[in-house]
Amino acid sequence: CRFNISVMEKNMEKGIHLLVITRDKKIMENLLSLVQQRDNTFSLSLSKTVSGSLMKKIMNNVPDAILLDCVKDKSDAVDNLNKFHDQGITAPVIILSGLGSEAAAVSLMQAGAADYLPRGILFDGSDSAPLISAITRAMDREKSKQEKKRKLIALELSEERYRVLIEHSPVL
């Protein structure tokens, strides 16, 4: 597998489609190993940066979740979260970070991250459960949020139809 992969090809047969954004070759290798261990549960798209062309690819082929590596400081991750939000991308974003600060985790979650995991989780290699759990939780929360939004829209439409019906009915 080459490190400079930046394609967004969703393989529907592979189950969960993850977009991984990192410049760290070791993280990419560990994630590829994780995918191979999980019997085609995951398919990966890899990118080094959040670029305009990547945003277009995401809009055409929305991943189930995004793993965003935050190496230096949280401002890059917050900028990327804002880019996703501005483009209407609703896929949950899980931050992988070596910052190790609780304050950084809280501020990234407030900025819209679905979860925050230490980078070390991908380097120990012994247990993928925390990462899998974070991905599953984030996807479940997003699915719930989207379902709630659909139900609210349906309720608003129903109320509007009822209002129009009442307004146009003859007075008895």
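Residues numbered from 1 in each chain as written. Predicted model: local features only at pLDDT ≥ 70, side-chain atom pairs only at ≥ 80, totals over all residues. Heavy atoms only, no water.

> I tried to follow a nonpolar patch on the surface on my own but got confused; where do I start?
A surface patch of nonpolar side chains, amounting to about 350 Å² of accessible area, comprises Tyr162, Leu165 and Ile166. Topologically, tyrosine 162 is positioned in helix α5 (residues 129-167). (Patch = residues over 30% accessible without salt bridge, like charges linked within 9 Å, V, L, I, M, F, W, Y side chains within 5 Å. Areas by Shrake-Rupley, 256 points an atom, 1.4 Å probe, with all protein chains shown as cover. Salt bridge = Lys/Arg side-chain N within 4 Å of Asp/Glu carboxyl O. Helix = DSSP H or I, 4+ residues; strand = E, 2+ residues; numbered from the N terminus.)

> Would you mind going over helix α4 (residues 102-110) with me for this structure?
All buried positions along α4 are accounted for by Ala104, Ala105, Ser107 and Leu108. The positive-phi residue at the C-terminal boundary of α4 is glycine 112, with phi of around 120 degrees. (Buried < 20%, exposed > 50% of the residue type's maximum accessible area, 1.4 Å probe, protein only.)

> Explanation requested: the pairing of strand β1 (residues 16-21) in the structure shown.
Taken residue by residue, a regular strand's side chains alternate between the two faces of the sheet. Judged by how many residues are buried, β1 sits mostly within the fold: 6 of 6 residues are covered. Bridge count between β1 and strand β2 (residues 42-47): 6 bridges; the pairing is parallel. From the neighbouring strand, histidine 17 faces β2, where its bridge partner is serine 43. With 4 bridges connecting them, β1 and strand β3 (residues 65-70) associate as parallel partners. Bridged to valine 20 within β3 is leucine 67. (Pairing = 2+ DSSP bridges.)

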